[in-house]
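Analysis of the macromolecular model
Okay, here's what each chain looks like letter by letter:
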There are 2 protein chains.
Amino acid sequence: MGQICHVTDMKLIKELLSQDEALENIVVNGWVRSRRDSKAFSFFALNDGSCVGNLQVIVDAGIPGSEKMTEANTGASVSITGNLVPSPGKNQKWELQAVEFRLLGGAPEDFPLQKKGHTREFLREIAHLRPRTNLFGAVFRIRSRATLAVHQFFQERGFHNVHTPILTTSDCEGAGEMFQVVVPDKKEEFFGEPAFLTVSGQLEGETFATALSRIYTFGPTFRAENSNTSRHAAEFWMIEPEIAFCDLKGDMDLAEDFLCAVIRDTLDYCAEDIEFLNKFVDKELLARLEGIVAEPFARISYREALELLEKSGKSFEYEYNFESGLQSEHERYLCEEYFQKPTIVFDYPKSVKPFYMKQNDDGETVAAMDVLVPGIGEIIGGSQREDDLEVLTKAVEEHEIDAKHYEWYVELRKYGSVPHAGFGLGFERLIMLLTGVSNIRDVIPFPRTPGNCKF
Amino acid sequence: MGQICHVTDMKLIKELLSQDEALENIVVNGWVRSRRDSKAFSFFALNDGSCVGNLQVIVDAGIPGSEKMTEANTGASVSITGNLVPSPGKNQKWELQAVEFRLLGGAPEDFPLQKKGHTREFLREIAHLRPRTNLFGAVFRIRSRATLAVHQFFQERGFHNVHTPILTTSDCEGAGEMFQVVVPDKKEEFFGEPAFLTVSGQLEGETFATALSRIYTFGPTFRAENSNTSRHAAEFWMIEPEIAFCDLKGDMDLAEDFLCAVIRDTLDYCAEDIEFLNKFVDKELLARLEGIVAEPFARISYREALELLEKSGKSFEYEYNFESGLQSEHERYLCEEYFQKPTIVFDYPKSVKPFYMKQNDDGETVAAMDVLVPGIGEIIGGSQREDDLEVLTKAVEEHEIDAKHYEWYVELRKYGSVPHAGFGLGFERLIMLLTGVSNIRDVIPFPRTPGNCKF
């Protein structure tokens, strides 16, 4: 175990590839991506998952441990001591000249990730190994960085993170079908009443926004919907900020700032992974991301949106009218053809939105907004919340909601009620936008969909 | 809505209280903590949850909106335009001289949080309102900051965050009783097989550590245990780093670094909240936290620990021997009396630990470790993982585990196996340590315990 040391003493390949000067007698650990043998030496391409790039390692026959070299196939793990020296090759700045070679773990020939292309479907079957590929390494590094960027964005602006509950007896009405939670072989309810997996932390989030002023949730949510599409999963992470003393205008501002900030952060910190994905997954990725942050989003009311559809002269598959809401093809026309940039549509008809949204003075619309992104569609949905006790109480009745589960929620309007607003964002949709990956199953470490709960 | 503006234009009370210079014509929003009236003016103590401190506001009778002042009771929400000026009072540097007063939402006299003491039990009953108290404001601001500190600690050290699944068909053997997830009124299993709520993300985390080298999880976990103690909840958040190319020594180093870094971050960024908690909740809090980071932790093997207990001459309630493990009273003796500082005990007997831990050469112990903290007890548990395919396969058999659910896990040892290690930390235990709050129900926004799933 002599070469396995304190993690912070151990150089990652990412650090080595960006060195300014040569280093002597360092230890590098990683997995073999490929090996080329000649009589006197072998070339290894070594990857440790810290970045998409491999470190080239030259191992001369005859150095200590080199007799194990031929067992170090693609997929094997090795620990190599050597000197980092400028590479004469044109593909890399540095290479490692090995002085001691150590095989940690071999990889038999049935190792599934041999150096060749694999279908995404096959890789989903081996979700425990796919993070060892360039594609999934890039996706999950971006997912990780974006997680940090989300927290930093909000906390820099005075927002507090709140861990709203996963187990719940309320259902954020209309958000979707819920899973129920039981204790196997027990008849009594563990919680004294039926409990479910949350579909949204918004309602609980509002209780904290009306105390700490600015909060955000960032946690898993669930839908028990039997839909097998490339955009739906039974388990996914949601980000839900909630802001006291804020109206719909402030909500739209925050949503736009948020999306641009996370994209800029990804472009800055994950440049190599984005470059890789732009080359091999989606050739428009970089242009799309740079386009989003280039200028302010368009903003139009729902009524104006209907007029633009009318004026377009286009024939759409789905009809639209005031009560219908917008279909995906309508949203695409607006942001991809008409504005050709991200577009926020606001003031939706009351009839297509949930009970908690702030009713506008026109009696027909609510202060709701959706952010539409070219090539992606709706990515953020939000609203100002109804803060009038009477109006909300009446809305609960009109929507035929079981009032007893919402007493605490309604009570926020009884004691020191404030105008407040928030939005929700599916984190996986954001990762799909950031990576250009088109199937939600490929941006979740172990995706859960109908019939699939392996690993 | 004229006073409700873009959040980043709006000053939080925290920012105002730390101003360097006076400000004219600003808008401050918040909730009334108390009001004192005289003939010519009223004093308000205004809080917006951004910090424990209140802003003193002086509202002269006769300014626009002041006729609503008498409705602005404790709990009411207000929006006040005014000038931030040096305060002649000795309790604060700044105060707001109001020029316009606006009542946003009143608070009837039955508002439960009148200015008097409330029991923690009562406050749990109104979990939707308790974040408006000084105590819970402080606790949840610290919880939020600690969340960011956790992410920053790991990402600065090259770790990638992984969202391991909540829904699972494996059970991280022996970690605890599991909740099952069903679809109401459906006979068929949604996932084709019984699915449960995770008790630990470790096993899935290992798949990513053996690809990206350094990872950590940070998400909710669940236990269906019918235990009503001050330290157990059915839903809580766990942090589980996993490090490839790392042995138990590196694991202990990381655990110690981690704990000290999060404590230092809290002392730096939440100084006022810590001061408040030190005054009103636990008078030893500050000293305890500063003590933990003051010097290196003690480290002893389990065998040495037994010898120290023997030599102590103390009579313990529970007997101990090599096979018994340590009881809480033994752990307390070691860290509170003998070492009087955080203590890491390592190399535990194989028989008291799960199947996946690395077996030591003595044949009797495994490379496991627990971090014990004075006044708290065990806060971190970790181990090096068994990376030998044959040994692990045998351990699965010996523990009578259903091997078919762990094929993927065992396979990590077949392809490029590496020494790796990790640990787990209950985030709520950490928050209890950071705040001095002694009941887990008071560090979780909406705690879930047997019989309790309200809100």
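In short, a report on the structure.

Superposing chain A onto chain B requires a rotation of 180 degrees together with a translation of 0.0 Å along the rotation axis, leaving an RMSD of 0.0 Å. Both chain copies can therefore be described as sitting about a two-fold axis. In terms of proximity to the rotation axis, the leading residue of chain A is Val181(A), whose C-alpha is 2.4 Å off the axis. When the interface residues of chain A are mapped onto chain B, 100% of them again fall at the interface, so both copies present the same face.

Residue and element names in this part refer to chain A. Position of Glu 206 among the secondary structure elements: in helix 4 (residues 202-212). We classify Glu 206 as buried; its relative accessible area is 0%. Glu 206 has contacts with Glu 242, Arg 385, Tyr 409, Leu 412, Arg 413 and His 420, leaving out every residue within four places of it along the chain.

What follows concerns the packing of aromatic side chains. Enumeration according to the criterion identifies 65 aromatic pairs over all chains in this entry. Seen from their ring centres, Trp408(B) and Tyr409(B) are 6.1 Å apart, and the 80 degrees between their planes marks the pair as edge-to-face. For the pair Trp408(B) and Tyr409(B), a shared accessibility class is recorded, and that class is buried. Put simply, the rings of Phe136(A), Phe140(A), Phe446(A), Phe455(A), Phe208(B), Phe355(B), Tyr356(B), Tyr406(B), Trp408(B) and Tyr409(B) touch in pairs and so form one group of aromatic residues. When the ring centre of Tyr269(A) is taken as reference, the NZ or CZ atom of Arg145(A) above it lies at 3.5 Å. Taking NZ or CZ as reference, Lys353(A) lies 4.4 Å from the ring centre of Tyr348(A), over its face.

Take the sheet that holds strand 7 (residues 167-168) of chain A next. Strand order across the open sheet formed by six strands is 7(A)-9(A)-8(A)-8(B)-9(B)-7(B), with antiparallel pairing between neighbours. Here the strands that pair on one side only, and so sit at the sheet edges, are strand 7 of chain A together with strand 7 (167-168) of chain B. Relative to strand 9 (residues 195-197) of chain B, strand 8 (residues 180-182) of chain B runs antiparallel, the two sharing two bridges. What sits directly across from Gln180(B), in strand 9 of chain B, is Phe196(B).

Residue and element names in this part refer to chain A. Among all positions in helix 9 (residues 328-338), only His 330, Glu 331, Tyr 333, Leu 334 and Cys 335 are buried. Each buried residue of helix 9 sits inside an arc of 165 degrees when the element is viewed along its axis, so together they form one side. Considering only its buried residues, helix 9 is in contact with strand 12 (298-301), helix 8 (302-312), strand 13 (343-349), strand 14 (365-373) and strand 15 (377-384).

Across a sheet, strands are paired by hydrogen bonds formed along the backbone, either parallel or antiparallel in direction. Residue and element names in this part refer to chain A. With mixed pairing, eight strands are arranged side by side in an open sheet as 6-10-11-16-15-14-13-12. The open sheet has two free edges, formed respectively by strand 6 (160-161) and strand 12, since each of these has just one partner strand. Two elements, strand 14 and strand 15, share six bridges in a ladder whose sense is antiparallel. From the neighbouring strand, Leu 372 faces strand 15, where its bridge partner is Glu 378. Contacts from helix 9 reach strand 12, strand 13, strand 14 and strand 15 within the one sheet, and its direction differs from that of strand 14 by about 65 degrees.

Definitions and cut-offs
- Residues numbered from 1 in each chain as written.
- Chains lettered and ligands numbered in written order.
- Predicted model: local features only at pLDDT ≥ 70, side-chain atom pairs only at ≥ 80, totals over all residues.
- Heavy atoms only, no water.
- Least-squares fit on C-alpha atoms with pLDDT ≥ 70 in both.
- Contact = heavy atoms within 4.5 Å.
- Helix = DSSP H or I, 4+ residues; strand = E, 2+ residues; numbered from the N terminus.
- Buried < 20%, exposed > 50% of the residue type's maximum accessible area, 1.4 Å probe, protein only.
- Phe/Tyr/Trp six-rings, centres within 6.5 Å; stacked < 30°, edge-to-face > 60°.
- Lys NZ or Arg CZ within 6 Å of the ring centre and 35° of its normal.
- Pairing = 2+ DSSP bridges.
- Arc of directions from axis to C-beta.
- Axes fitted to C-alpha atoms, helices over the stretch in contact; angles between N-to-C directions.

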